[in-house]
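Topology and contacts: notes
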Amino acid sequence: MSNTPVIAAVDGSEHSLRALEWARAEALRHGSGLLVAHVLPDHAQLYAGRRASLHDSSQPQEFADPVRDWIHSLFGGGSGLPEGVAYEAVEGSVPEALRVIGAQARMLVMGSRGRGGFASLLLGSSSRAVASTAACPVVVVPHAERSADTDADADAEQSAGRVVLGLHAAETPDDVLTFAFTEAAVRGTTVQVVSAYAIPPSPTLVIDSPFAVIPPEGMADEGDGVPAEREMLRSQTERLAPFRERFPDVPVEQAAVPGDPAGRLVTASRAAALVVVGRHHPRRSTMSMLIGSVAHAVLHHAHGPVAVVPTLKDDA
């Protein structure tokens, strides 16, 4: 079993239960441990601080933690947890506490909204903050209402069961590609690579052109695509070459779309196993804690799990 755990951030809400279920399956796929982390609410943290400062031995040693009891009941109801599963209650603000505990994690999984979120919000502030700052990949699992809205159209069906990677051929760090190929490998599925190419303004431009994925053998001829599309597919092929060598058993499909790729990634999320995006463009941001526009849009609107992968090293 790997020493690098998958961490599931929970707060007792149904949203976090969905994230926990996803994280448990992910830990099993990777043969790693599962750490269930709960950031204690403010009143519990205040109690702990007050007891410690007053040294009042008449007060209970620990504040009641219903989330801990809930976790134990989910895993069989006994006093302990199954082998490979651990629970930890942590203190601090949610983003900071999860950032610290996730520093050495394989990934951190959380729901798109927490217990205190407004029903109308697509993405809670904690999920957004953690995805923007964590040192490890963060997977955000959407709440039930968004996942239920998955009447997949023909475009979405082309991504069914796949790991869909949003790729900027010149700027996406290698860490993001490695994560996507690894996830596809443990699932025994295909990596579908989506990139966008720039298009000049034209009064005759068809904005919503059909979405087409191309297997490697389809790159042998010029095809019917516009020159910018063909050039993007060539750039993809060059960038993907070393990863095809590292992961020879992972099938690859390529797609180039005009304009912004976020819409295509959101569509793909209706049927994909996982959508993977880089957190930011390293050459465009002055701080590693910024989140790019594509990642931001996909997190807010995706219908399935989205992995936001930070730059772990400088690939420049």
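Definitions and cut-offs
Residues numbered from 1 in each chain as written. Predicted model: local features only at pLDDT ≥ 70, side-chain atom pairs only at ≥ 80, totals over all residues. Heavy atoms only, no water. Core = buried A, V, L, I, M, F, W, Y, C linked by side-chain atoms within 4.5 Å. Buried < 20%, exposed > 50% of the residue type's maximum accessible area, 1.4 Å probe, protein only. Contact = heavy atoms within 4.5 Å. Phe/Tyr/Trp six-rings, centres within 6.5 Å; stacked < 30°, edge-to-face > 60°. Helix = DSSP H or I, 4+ residues; strand = E, 2+ residues; numbered from the N terminus. Salt bridge = Lys/Arg side-chain N within 4 Å of Asp/Glu carboxyl O. Axes fitted to C-alpha atoms, helices over the stretch in contact; angles between N-to-C directions. Parallel < 35°, antiparallel > 145°, perpendicular 65-115°, else oblique. Left-handed = near helix turned anticlockwise from the far one by under 90°. Nonpolar A, V, L, I, M, F, W, Y, C, P; charged D, E, K, R; others polar. Expected span 1.5 Å × (residues − 1). Polar contact = N/O pair within 3.5 Å; in protein donor to acceptor, adjacent residues only side chain to side chain.

The next point concerns the nonpolar core. Looking at soluble globular proteins, one finds that nonpolar side chains tend to be buried together. By size, the foremost hydrophobic cluster in this structure holds 41 residues, and its most contacted members are L34, I71, V109, L165 and V276. If we skip the residues at most four places from it in the chain, I71 touches V10, L20, V36, L81 and Y87. Formed by 35 residues, the second largest nonpolar core is a distinct cluster that contains V39, M110, A262 and V308.

Time to look at the packing of aromatic side chains. The full count for this structure, using the stated rule, is two aromatic pairs. Ring plane angle 25° and centroid distance 5.8 Å describe the contact between F181 and F243, whose orientation is recorded as stacked. Taken together, the positions of F181 in helix α8 (residues 174-187) and F243 in helix α9 (residues 227-246) put the pair 62 residues apart, joining distant regions of the chain. Assessed through its relative accessible area of 0%, F181 is described here as buried. An angle of 35° between the planes, with centres 5.5 Å apart, marks the rings of F181 and F247 as tilted. Remark: F247 occurs in the loop between α9 and β8 (252-258) and F181 occurs in helix α8; sequence separation between them is 66 residues. For the pair F181 and F247, one class covers both residues: buried. Ring-pair connections join several aromatic residues into one group, and the members of that group are F181, F243 and F247.

By the definition in use, this model includes eight salt bridges. Two residues, E26 and R29, come together in a salt bridge whose shortest N-O distance is 2.7 Å. Here the residue E26 and the residue R29 both occupy positions in helix α1 (residues 14-30), the gap between them amounting to three residues, near one helical turn. For E26, a relative accessible area of 0% translates into the label buried.

All right, on to the packing of helix α4 (residues 94-101) against helix α5 (residues 125-133) then. Orientation of α4 relative to α5, taken along the N-to-C sense of each, is 40°, at an axis distance of 9 Å. The angle between α4 and α5 falls in the class oblique. Judged by the sense of rotation from one axis to the other, the crossing of α4 with α5 is right-handed. Listed contacts from α5 to V94, P95, L98 and R99 of α4 are S126, A129, V130 and T133. Here the contact of α4 with α5 is built from residues that sort into five nonpolar, two polar and one charged.

Right, let's talk about α8 for a bit. Two residues of an α-helix separated by three or four positions point the same way, owing to the 3.6 residues in each turn. Helix length check: α8, at 14 residues, gives a terminal C-alpha distance of 20 Å against a target of 20 Å (1.5 Å per residue), a fit within 8%. Turning to α8, its buried residues number three or more, namely D175, V176, L177, F179, A180, F181, E183 and A184. Where α8 ends, the next residue or the one after it, G188, has phi of about 65°, a positive value.

Here the focus is the side chain of S16. In this structure, S16 sits in helix α1. According to the relative accessible area criterion, S16 is buried, its value standing at 3%. A distance of 2.9 Å separates a polar atom in the side chain of S16 from the backbone oxygen of S13. Ignoring sequence-local partners within four residues, the contact set of S16 consists of A9, V10, D11 and W70.

This next bit is on the side chain of E183. Mapped onto the secondary structure, E183 falls in helix α8. Contact partners of E183, with chain neighbours within four places excluded, come to E26, H30, M107, V163 and L274.

Let us look at the environment of H300. Topologically, H300 is positioned in helix α11 (residues 293-301). Assessed through its relative accessible area of 17%, H300 is described here as buried. Separated by 158 residues in the primary sequence, H300 and P142 have C-alpha atoms spaced 9.2 Å apart.

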